[in-house]
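Structural overview for review
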Amino acid sequence: MDGGRTVQGRRWLRGPDGLVQRTRWLFCGSALLSLALTLPGALTGGSPEAVVLVLTGSVALSAVWVRRYRRARVTPVDDVSEALAALLVTAAVPVPAMASGFAFASLWSRALYGTAHRALLHTLLLAAGLVGSLALWPHVPGHTGPAQAAPLLASLPLALVILFVARHLAVHLFAREQAQGRQEALAALGTRLLSVTGTEEIYEAAWTATAAVCRTTPGLRALTVQPTPGLLVVRGTAGPFAVTPQALPRDALPHDLPQELPGADDEGVPVAAHAAGLLDAAADETCRWLALPIAGVEGWMLLGAPRQVPDEAVVAVRTVMAQVALALRSADARDELVRAARTDPLTGLPNRAAFMEALEEAVGRLPSGASFAVLFCDLHGFKAVNDALGHAAGDALLREVAERFRRDVRAGDLCARLGGDEFAVLLRSRPHDDPVVFGESVRGVGERLVTGVAAPVTLPGGTGRVAVSIGVAVGTAGAGLPGADELLRRADDAMYRAKAGGKGRVESTELRAGRAVVGQPVVA
């Protein structure tokens, strides 16, 4: 416990992080120091009653200042309590003008909280307390004659100067810290977007950045809405809301709201008055509401703040959306490159790399006991068609064979072009399939492929006919199963056996505990 208090004391002496909070800490400390320096003179030669009044008022002032600093906000009760405490101390000190030191230090500290209007009211309250103390001063035991009012009254106009300068400083401090917070949010978003590729991850990062912008901009609220028939459904909120709104009427925004507003400096589209009223009720505060389109989806960001949405916040949110749009385009380009690297450009089927990746996954990730089959398919007669009718006809033939493969395999099975006139198919057992049922499925696919490929194909310049020889390697996931390369090689060996027996045949190899068992032809 003592160690915890020591750490807290060190933190108090070192000061907090953040420009605004550190300045508040400095000004609060200055006010406390000013009061402490006033006390020796205020307590010297005073009556016991005056000493009690000075100490009581000083404790009350210190409590108000420390409470204000720790809570980082101020209430009307705090301002009234401070004015009364200042009145008490000023009425009890030997010379009323002694209160000017701590009173003016308090004005500097108070100017860093709340609005300028509230700071002005505090200044007037404090001045009223100081002036009121002059009437009480002669009634405090130990005081004789009228109070020396002139020095105190002459110093009061300085309070307005202090208020003006301090508020000017406060406004710049607030603006600088808010700008720094927005910059940090945007920088964090940029860094995070470098490491994410999925659309959902991109939007999640954008919403985190938007929430950070709301936290650094006092009073700023944000909602994302998506249109449905008759409604705008709220998908997320950030910032201070008393109640989370669920939906808004569809006519809250124009139906022809563009997905891209005219320019980066456009301040957004105003939300209809009746919907703004609903949002004000949810925010428990009257705000101005603007809509900005969200990149990449049919939806909008609604921004709201008292009086007006700060231009800096609109720019920050627009920057978030610009980064999201860029990240989405990059993700699309990346996905397109991945698809191109895994797709055969002629037939649109997966290529050898994609097939081997799927086969490795089947070997390593299928549940133990699940069956799968690799079909290695080689065309007969393709070279003759290609030589007789030309490469265009050969390409057309390969595309047609690919379509027949797609048509004849089961839904969810993978067919790929390995290169040239070689194709491959990966079949996985369905849940609850026993080996007999799966074997029948493999046999059915082999029969359909052989029959489908054998049908004549109308090509540029004539008609082409090809046949297919298929080698099958059937395996069961579990210990002792060969790797993907070895499985494909054994299916290739089975294909050569089928080819040696004539056109349109399927030969199978069953893998048992790492051994290959040559089977009978499935189709002869």
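Here the structure is a predicted model, which is why all the values come from computation and not from measurement.

Details of the overall build of the protein
Within the protein, the secondary structure is distributed over 15 helices and 14 strands. For the protein, whose C-alpha radius of gyration is 40 Å, the value lies well above the compact-globule estimate of 24 Å for 524 residues. Here the C-alpha coordinates of the protein stretch approximately 130 × 60 × 35 Å along the principal axes. Taking all 524 residues of the protein together, 46% fall into the buried category. For the protein, the proportion of contacts with a sequence separation of at least 24, taken over those separated by at least 6, is 64%. Accessible area for the protein stands at about 25600 Å²; split by element, carbon and sulfur atoms hold 59% of it. The positive charge centre, built from 50 side chains, and the negative charge centre, built from 49, are 4 Å apart in the protein.

Observations regarding a nonpolar patch on the surface
Together, Leu120, Leu121, Leu124 and Leu160 line one region of the surface with nonpolar side chains, adding up to about 340 Å² of accessible area. A total of three residues in the nonpolar patch trace back to one element, the largest contributor, which is helix α6 (residues 116–136). With respect to the helices, strands and loops of the structure, leucine 121 is situated in helix α6.

Details of the side chain of serine 109
By the element assignment, serine 109 lies in helix α5 (residues 100–110). Under the relative-accessibility criterion, serine 109 is labelled buried at 1%. Apart from residues lying up to four places away in sequence, serine 109 is in contact with Phe27, Cys28 and Arg68.

Structural notes on the sheet that holds strand β6 (residues 300–305)
In any sheet, the strands associate via hydrogen bonds between backbone groups, in a parallel or an antiparallel arrangement. Spatial ordering of the open sheet is given by β3-β2-β1-β6-β5-β4, a layout of six strands whose pairing is antiparallel. Each of the sheet's edge strands pairs with one partner strand only, and the pair in question is β3 (247–249) and β4 (269–270). Pairing geometry for strand β1 (residues 221–228) and β6, over five bridges, is antiparallel. Residue pairing in the sheet places threonine 224 in a bridge with methionine 301 of β6. Contacts from helix α9 (residues 273–283) reach β1, β3, β5 (288–293) and β6, with the element oriented near 155° to β3. Docked against the sheet, helix α10 (residues 311–342) engages β5 and β6, running at close to 20° with respect to β5.

Digging into the packing of aromatic side chains
One pass over the full model with this rule turns up three aromatic pairs. In this arrangement the basic side chain of arginine 24 is found over the ring face of tyrosine 113, its NZ or CZ atom lying 4.3 Å from the centre.

A look at the nonpolar core
Core analysis: the biggest nonpolar cluster contains 41 residues, and Leu61, Trp65, Ala86, Phe102, Leu107, Leu112 and Leu130 have the highest contact counts within it. Going through the elements one at a time, α2 (19–43), α3 (48–71), α4 (76–92), α5, α6 and α7 (149–193) are the ones with two or more residues in this core. Setting aside its immediate chain neighbours within four residues, phenylalanine 102 contacts Ser34, Leu35, Thr38, Leu61, Trp65, Ala86, Val89 and Thr90. With 34 residues, the next largest nonpolar core counts Ile202, Ala238, Ala313 and Val320 among its residues.

Examining the environment of leucine 231
Tracing the backbone shows leucine 231 in strand β2 (residues 231–238). The exposure class of leucine 231 is partly exposed, given its relative accessible area of 38%. A sequence separation of 18 residues divides leucine 231 from proline 249, and the C-alpha atoms of the two residues are 4.8 Å apart. Apart from the residues within four sequence positions on either side, leucine 231 is in contact with Gln226, Ala247, Leu248, Pro249 and Arg250.

Let's talk about the confidence of the model for the protein
Residue-level pLDDT values for the protein average 85, and 91% of them are 70 or greater. Taken element by element, the protein is modelled with least confidence in strand β14 (residues 515–518), mean pLDDT 42, and with most confidence in strand β8 (residues 414–419), mean pLDDT 94. Segment residues 261–265: pLDDT under 50, and nine contacts once partners within four positions in sequence are set aside and those in other chains are kept. Across residues 512–524, confidence stays below pLDDT 50; counting only partners more than four residues off in sequence or on other chains, it has 31 contacts.

Concerning unusual backbone geometry
Here aspartate 284, not a glycine, exhibits a phi torsion of approximately 60°, which is positive. Here aspartate 284 lies in the loop between α9 and β5. Located in the positive-phi region is arginine 307, a residue other than glycine, with phi close to 65°.

The rules behind these values
Residues numbered from 1 in each chain as written. Predicted model: local features only at pLDDT ≥ 70, side-chain atom pairs only at ≥ 80, totals over all residues. Heavy atoms only, no water. Helix = DSSP H or I, 4+ residues; strand = E, 2+ residues; numbered from the N terminus. Rg over C-alpha atoms; globule rule 2.2 N^0.38 Å. Buried < 20%, exposed > 50% of the residue type's maximum accessible area, 1.4 Å probe, protein only. Contact = heavy atoms within 4.5 Å. Areas by Shrake-Rupley, 256 points an atom, 1.4 Å probe, with all protein chains shown as cover. Lys, Arg positive; Asp, Glu negative; His and termini not counted. Charge placed at Lys NZ, Arg CZ, Asp CG, Glu CD. Patch = residues over 30% accessible without salt bridge, like charges linked within 9 Å, V, L, I, M, F, W, Y side chains within 5 Å. Salt bridge = Lys/Arg side-chain N within 4 Å of Asp/Glu carboxyl O. Pairing = 2+ DSSP bridges. Axes fitted to C-alpha atoms, helices over the stretch in contact; angles between N-to-C directions. Phe/Tyr/Trp six-rings, centres within 6.5 Å; stacked < 30°, edge-to-face > 60°. Lys NZ or Arg CZ within 6 Å of the ring centre and 35° of its normal. Core = buried A, V, L, I, M, F, W, Y, C linked by side-chain atoms within 4.5 Å. pLDDT = per-residue confidence, 0-100.

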